[in-house]
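Results of the structural survey
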Amino acid sequence: RRHCCCCCCCSCSCSCSSSCRMVRGTLAFLLASVAWSEPVLPISIEAPPPPCENSQISIAEECPDGKSSGIAWGTFANELYLARSELFVTGPPSAVQAVLVLLQRATSNFSNAFECLPALMSTYFSLAHLLILQDRKRRALAMLQLGFIFVRDRGFSECTPWPVQGADMMLSGQALTARVHALDRESILDVEKTRREPGLKVAIVTICAYAPEEPVRNLCKENRQFYSALHGYDLIFFTDASEIEPNRHADMDVKDGVHKPFFWKVNAVKNVMDRGLHDWVLWMDCDAFFMDPERTIDSIILMYTGNQTAATQLPPEREEEPKALASLRQRVHPRPSTEVSLVFAVDSTGINNGVWLLRNSKWASDFLSRWWHSDILQGPGKEHNCSDQSTMVHTLLQDQALAMDDDWDSIEGPIWPPEVRVAAQEHLQSFHQATAESAMSRAWQDGDFIKHHPGCHYYRLPCQYLYSEAESIFRDKVLALQSRLQLQSGLYGPLGSTR
């Protein structure tokens, strides 16, 4: 009666059913094995699952009435179907409002919403669908990205009485992400990839808390050392939780028993910023590798923060224009302008926070504190999987996404805070092939800055091969670059030294 499709692009391993984990693991192994050019042993293929019979699945089976939220989920499901049907009775605006009211009720205490994952997936997805009918692309995408918070916890159940299907959410995310990226291009500056900004101090921060003999730890450290030496960046490389001091001022402690290891990055980055030695911090997961030695971090910062005016569809200014339009223009172009402090990439399912850039600013410091102390980590959401990504999305997006604004959406005003810019994946992190295909996102191509391997377990041989391959490609490029520079300038010797 049931089969599922897991969507796990976070640094952790999502808690899908054992059969889904087996299928995903088998696919990853086969993809990696083909790339490794090793023979693949024949495997037995089970018969396809029977057709979905969701009429035999009750709402109560998936979502018992909420003990924490007080919501009767069976009644909620009926109300959702009625709210969606408003589209055919009075039109999209009424349907949007009806679904929004349900969503506001279900998320009034966000942690309690984890009592019924498909209810929240389907409500966010329904609202996104209605918004796109009104051509409100940015707000529709924001709703999908918030809906994926609940997908990341357990994956999809493709046979469900709720009005949502995993394939529909994924395809919608892919299409809307591409359309919004096209809108964003006008705010991106054309910057030479070797650009270094005089006086700009950048730290590269990574936690690689694996055993000393683990390949990913050693390959990652070599990768970071090569790259930081090339460009003169500071490298801060943690290998154990004991190296991350509690931040008393922000009430952060990686040993508090509440925050899982993938949350340690927040405490670590906050500590680095509080020292006041760096203008920007680049966070990179241990399984993310620099791939283009010529590309500087400065160039990415300047591309996405040099133009502080967000991309919109606001028409050119005229001498005399309606007050409503003039008011919108003031919101888009505030004086003084808002300083961009956070740059990250999104894929078809939303944020993957394996790589991001953070300016050392008051806004950034406050954001890290709000992220760490997210109320998702209470009640039913306490054990939420991939919670570092979901809390990041919720902290940045929930309030602004639900604050409907017809005028703002008419010019496709950004839904992310004005301090945020979304980078193209090729400029910050593209994925290894298997995850790129499962997440309908960009697979790493030659010329992309960083290759990330989410969903690939560090202890598996095919994944270790992928790490080694990535570092080998980067090392060869470093040596080729060094040779070229030596020929051009007559400099000899190892990186950072002269003859």
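A brief look at the structure comes next. Residue positions are counted from 1 within each chain, in the order its sequence is given. Since the coordinates come from a predicted model, pLDDT governs what is reported: local features require at least 70, and pairs of side-chain atoms require 80 or more to be given and counted, while whole-chain, interface and lining totals use all residues. Only hydrogens and water are set aside; all other atoms, that is, all heavy atoms of the structure, feed into the side-chain values.

A look at the packing of aromatic side chains
Defined as follows: Centres within 6.5 Å make a pair out of two Phe, Tyr or Trp rings, where for Trp the six-membered ring is used; the pair is then stacked when the planes are under 30 degrees apart, edge-to-face when over 60, and tilted otherwise. When accessible area is computed with a 1.4 Å probe and restricted to protein chains, residues below 20% of their type maximum are described as buried, those above 50% as exposed, and intermediate ones as partly exposed. Helix and strand definitions here come from DSSP, where helices need a minimum of 4 consecutive H or I residues and strands a minimum of 2 consecutive E residues; each element is numbered from the N-terminal end.
Within the structure shown, the criterion is met by 18 aromatic pairs. Seen in terms of ring centroids, Phe 110 and Phe 114 are 6.2 Å apart; in terms of plane orientation they differ by 75 degrees. Their pairing is edge-to-face. Among the residues examined, Phe 114 registers a relative accessible area of 8% and is labelled buried. With centroids separated by 6.4 Å and ring planes inclined at 55 degrees, the aromatic side chains of Phe 263 and Trp 371 adopt a geometry described as tilted. Of this pair, Phe 263 sits in the loop between strand S4 (234-238) and helix H9 (264-274) while Trp 371 sits in helix H12 (residues 362-372), and the two are 108 residues apart along the sequence. Grouping residues by exposure puts Phe 263 and Trp 371 together as buried. Grouped by ring-pair contacts, the aromatic residues Phe 263, Trp 356, Trp 363, Phe 367, Trp 371 and Trp 372 constitute a single cluster.

Focus on the side chain of Asp 287
Threshold: Think of a polar contact as two N or O atoms within 3.5 Å of one another; within protein, one of them needs to be a possible hydrogen donor and the other a possible acceptor, and neighboring residues in sequence only count if both atoms come from side chains. When checking whether two residues touch, look at their non-hydrogen atoms; a contact exists if any pair is within 4.5 Å.
Mapped onto the elements of the fold, Asp 287 is located in the loop between strand S5 (280-284) and strand S6 (288-290). A polar contact of 3.0 Å, which involves the side chain of Asp 287, links it to the side chain of His 452. Those residues in contact with Asp 287 that lie beyond four places of it in its chain are Val 216, Lys 451, His 452, His 453, Pro 454 and Tyr 467.

A few points about the nonpolar core
Spelled out, the test is: Residues belong to a common nonpolar core when they are buried Ala, Val, Leu, Ile, Met, Phe, Trp, Tyr or Cys residues joined through side-chain atoms within 4.5 Å.
Counting 95 residues, the largest nonpolar core has Trp 73, Phe 150, Trp 162, Leu 342, Phe 344, Leu 368 and Leu 396 as the members making the most contacts within it. Non-local contacts of Trp 162, meaning those with residues more than four positions away in its chain, are made with Ile 59, Glu 62, Cys 63, Trp 73, Phe 76, Ala 77, Leu 80, Tyr 81, Cys 116, Pro 118, Ala 119 and Ser 122. Listed in part, the 29 residues of the second largest apolar core include Ile 204, Trp 280, Ala 288 and Val 355.

Observations regarding the side chain of Gln 398
On the secondary structure map, Gln 398 appears in helix H13 (residues 387-402). Apart from the residues lying within four places of it in its own chain, the contact partners of Gln 398 are Thr 107, Phe 110, Tyr 124, Leu 146 and Val 393.

Overview of unusual backbone geometry
The residue after Arg 335, namely Pro 336, is reached through a cis peptide bond having omega 0 degrees. Within the secondary structure, Pro 336 is located in the loop between helix H11 (323-332) and strand S7 (342-347). The phi dihedral of Asp 135 is positive, around 60 degrees, even though this residue is not glycine. Structurally, Asp 135 can be placed in the loop between helix H5 (117-133) and helix H6 (137-154).

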